[in-house]
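Descriptive structure summary
If you want the building blocks of each chain, they are given just below.
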Amino acid sequence: MKGRFITLEGCEGVGKSTQLRLLAEYLNREGVDTVFTREPGGTPLAERIRGILLDEALVVSPYAEAELFATARRDHIDNLILPSIEAGKLVVCDRYIDSSLAYQGVARGLGIERVYEINSYARDNCMPELTIFIDMDPANSWRRQKGKEVMHDRMERESAAFHAACYRGYKEIAAREPERFALIVPERDKTATHLKIVEALKARGIV
Ligand code: TYD
């Protein structure tokens with residue numbers, strides 16, 4: 001039997017990393033043969049492109065940015081995601097095509113259709129069966145509530161308006177593909193949020 005592919009998406013500071021950790025612990029306990037990976041990144045080439053994309057010293061044109069994310073993604077698909085699915089594993093990816101649609105398509109203003117075109121290889125060959133979206137407006141993110149607004153990289157340094165546009169973008173994409181998306185409104189209690197995510201996986205027969 002072939003493996004499966006799911007992705008996790010969300011705006012900055014909404015607890016995505018914590019949820020990934022809890023999910024990893026859960027899948028490990030359940031004995032699910034899982035490959036955890038991330039974008040941009042996941043392969044040596046894509047990790048190098050990540051370094052460029054997040055480098056605060058660089059000014060990158062929106063189209064070039066979208067193409068660099070897509071190039072990193074293509075290498076990731078060919079050298080890690082598809083081979084792992086072929087080997088029967090569950091692939092869990094931290095960010096994927098929907099990050100490009102929301103960040104480059106909507107927030108950078110390239111348009112969702114154009115960014116889909118740039119990502120046609122992923123769209124045609126490697127779409128996740130389930131995308132967990134942590135549905136929280138970055139204006140109310142946990143990080144903001146805690147007053148911990150440390151800006152780590154070139155993308156995080158973007159304005160509040162940029163991150164608000166990312167959130168709108170995600171909502172628009174999710175509305176277009178309701179069968180692929182599970183919208184998870186996070187709870188203050190991270191275990192409660194985790195249980196919602198596990199429910200979404202169970203509902204698809206993934207665990
Ligand atoms: P990262 O530190 O991995 O962010 P996070 O911890 O929030 O997941 O940095 C990745 C950044 O790149 C993040 O700001 C989202 C952005 N991004 C895009 O703009 N387009 C994309 O296609 C992907 C995968 C990420």
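It should be emphasised that the depicted structure is a prediction, and the values quoted were computed from it without experimental measurement.

1. Here we look at the site of the ligand
The environment of the ligand is formed by 15 residues, the closest being E12, K16, R95, S100 and Q104. Separating an oxygen atom of the ligand from a side-chain N or O atom of R50 is a distance of 3.0 Å. Measuring from an oxygen atom of the ligand, one finds a side-chain N or O atom of S100 at 2.5 Å. With the chains in place, 91% of the 550 Å² that the ligand exposes on its own is no longer accessible. In a pocket analysis with a 2 Å cut-off to the grid points, the ligand is assigned to the largest pocket. Only α2 (44–54), α3 (62–86) and α4 (97–107) provide two or more residues apiece to the shell around the ligand. Of all the elements, α4 adds the most residues to the shell around the ligand, at four residues.

2. So, unusual backbone geometry
Here the amide bond leading from E39 into P40 is cis, since omega sits at -10 degrees, within 30 degrees of zero. With respect to the element layout, P40 can be found in the loop between β2 (34–38) and α2. Residue R95 is not a glycine yet carries a positive backbone phi of 75 degrees. Checked against the element boundaries, R95 lands in the loop between β3 (90–94) and α4.

What counts, and at which threshold
Residues numbered from 1 in each chain as written. Predicted model: local features only at pLDDT ≥ 70, side-chain atom pairs only at ≥ 80, totals over all residues. Heavy atoms only, no water. Near = heavy atom within 4 Å. Polar contact = N/O pair within 3.5 Å; in protein donor to acceptor, adjacent residues only side chain to side chain. Areas by Shrake-Rupley, 256 points an atom, 1.4 Å probe, with all protein chains shown as cover. 1 Å grid on protein atoms, 1.4 Å probe; cavity = no way out; pocket = protein on both sides within 12 Å on 5 of 7 lines; lining within 4 Å. Sits in = over half its atoms within 2 Å of the grid points. Helix = DSSP H or I, 4+ residues; strand = E, 2+ residues; numbered from the N terminus.

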